[in-house]
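Each chain, written out:
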Amino acid sequence: SGQVVGMGIVAAGKTPNDMLRSLLVVAKRGTTFYYTDLRQPSPLTFSSFTVPLDPSDPTYVFMDTATNDAGEGIVVMASTTWPSLAMWDGVSAAATYIADSPASITLCSHTDGRVYAVPETDLLSLRFSEADNPTTWPEANAIGITPQFGSIKRLGSLSDRILI
């Protein structure tokens, strides 16, 4: 038995003609996530991929339409208990950690080719990836929030803007 911790539709690729997959990631059981390709005819069949750790909390974020530096679709996941963000390429049997990305992520969003993340240990800091490359996280890519405004509570995207 396992806890369903989230679901999301992932349309990965730069255009409809080069979509890697149109995936519905629906459930988590231990370290295993299940997904289906929505383009297949009914009845739907499910495949699985694994994540590096089994987090003790249900804080996952699935990034639809995120692409890596090669332009390939990926799913980016976050957890407050992981040492970094994780990514899955839609094909491999396992997700992998994104080196140098922030640890213990409590909020995550994406827009305009960047992934944005707020570490649980610093709710006044917004970290972000390189443009069009969510696998590269330079230390300088951070925005500090003035404490008088309070900590970051939510992230969202609107067109090419990140909303805090």
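Heads up: the structure comes first, above all this text.
Given the structure is predicted, the values throughout are model-derived calculations rather than measurements.

A word on the overall build of the chain. When helices and strands are tallied, the chain shows 0 helices and 14 strands. Scanning the chain from its N terminus toward the C terminus, one meets helices and strands in the order β-β-β-β-β-β-β-β-β-β-β-β-β-β. Every one of the 164 residues in the chain was classed for burial, and the buried ones make up 44%. A separation of at least 24 residues holds for 37% of the contacts in the chain among residues at least 6 apart in sequence.

Taken in spatial order, the 4 strands make up an open sheet running β9-β10-β11-β12, and their pairing is antiparallel. The sheet is open, and its two borders are formed by β9 (105–111) and β12 (142–144), each paired with just one other strand. Ignoring strand direction, the axes of neighbouring strands in this sheet form an average angle of 20 degrees. Bridge count between β9 and strand β10 (residues 114–119): 6 bridges; the pairing is antiparallel. Along β10, the bridge assignment pairs C108 with A117.

With respect to the secondary-structure elements, S101 resides in the loop between β8 (96–97) and β9. Residue classification places S101 among the buried positions, given a relative accessible area of 8%. A polar side-chain atom of S101 sits 2.9 Å from the main-chain amide nitrogen of L85. The residues touching S101, leaving out its near neighbours within four places in the chain, are P83, S84, L85 and W137.

Considering all chains together, one arrives at 1 salt bridge under this definition. Between D160 and R161 there is a salt bridge; the shortest N-O distance is 3.9 Å.

Ring pairs (aromatic) are described by centroid distance and by the angle formed between their planes. Counted under the stated rule, the structure contains 3 aromatic pairs. With 6.3 Å between their ring centres and 75 degrees between their planes, W82 and Y97 make a pair best called edge-to-face. Of this pair, W82 sits in the loop between β6 (73–77) and β7 (86–88) while Y97 is found in strand β8, placing the two residues 15 residues apart along the sequence. What makes Y97 partly exposed here is its relative accessible area of 29%. Aromatic side chains Y116 and F128 sit 5.8 Å apart centroid to centroid with 35 degrees between the ring planes, which places their arrangement in the tilted category. One end of the pair, Y116, is in strand β10; the other, F128, is in strand β11 (residues 125–128), and 12 residues separate them in sequence. Assessed through its relative accessible area of 11%, Y116 is described here as buried. Take F128: its relative accessible area is 14%, and that puts it in the buried class.

Let's shift gears to the nonpolar core. Counting residues in hydrophobic clusters, the biggest one holds 11 residues: I74, V76, A78, L85, M87, I98, I105, C108, V115, A117 and W137. Listed by contribution, the elements that provide at least two residues to this core are β6, β9 and β10. If sequence neighbours within four positions are ignored, V115 has contacts with V76, L85, C108, S109, H110, R127, F128, S129, P134 and W137.

Turning to the pairing of β9, a few remarks are in order. Across the 7 residues that make up β9, a large majority, 6, are buried. Linking two consecutive strands that pair antiparallel, namely β9 and β10, is a turn of 2 residues; a positive phi of about 50 degrees is found at D112 within it.

How each quantity is defined
Residues numbered from 1 in each chain as written. Predicted model: local features only at pLDDT ≥ 70, side-chain atom pairs only at ≥ 80, totals over all residues. Heavy atoms only, no water. Helix = DSSP H or I, 4+ residues; strand = E, 2+ residues; numbered from the N terminus. Buried < 20%, exposed > 50% of the residue type's maximum accessible area, 1.4 Å probe, protein only. Contact = heavy atoms within 4.5 Å. Pairing = 2+ DSSP bridges. Axes fitted to C-alpha atoms, helices over the stretch in contact; angles between N-to-C directions. Polar contact = N/O pair within 3.5 Å; in protein donor to acceptor, adjacent residues only side chain to side chain. Salt bridge = Lys/Arg side-chain N within 4 Å of Asp/Glu carboxyl O. Phe/Tyr/Trp six-rings, centres within 6.5 Å; stacked < 30°, edge-to-face > 60°. Core = buried A, V, L, I, M, F, W, Y, C linked by side-chain atoms within 4.5 Å.

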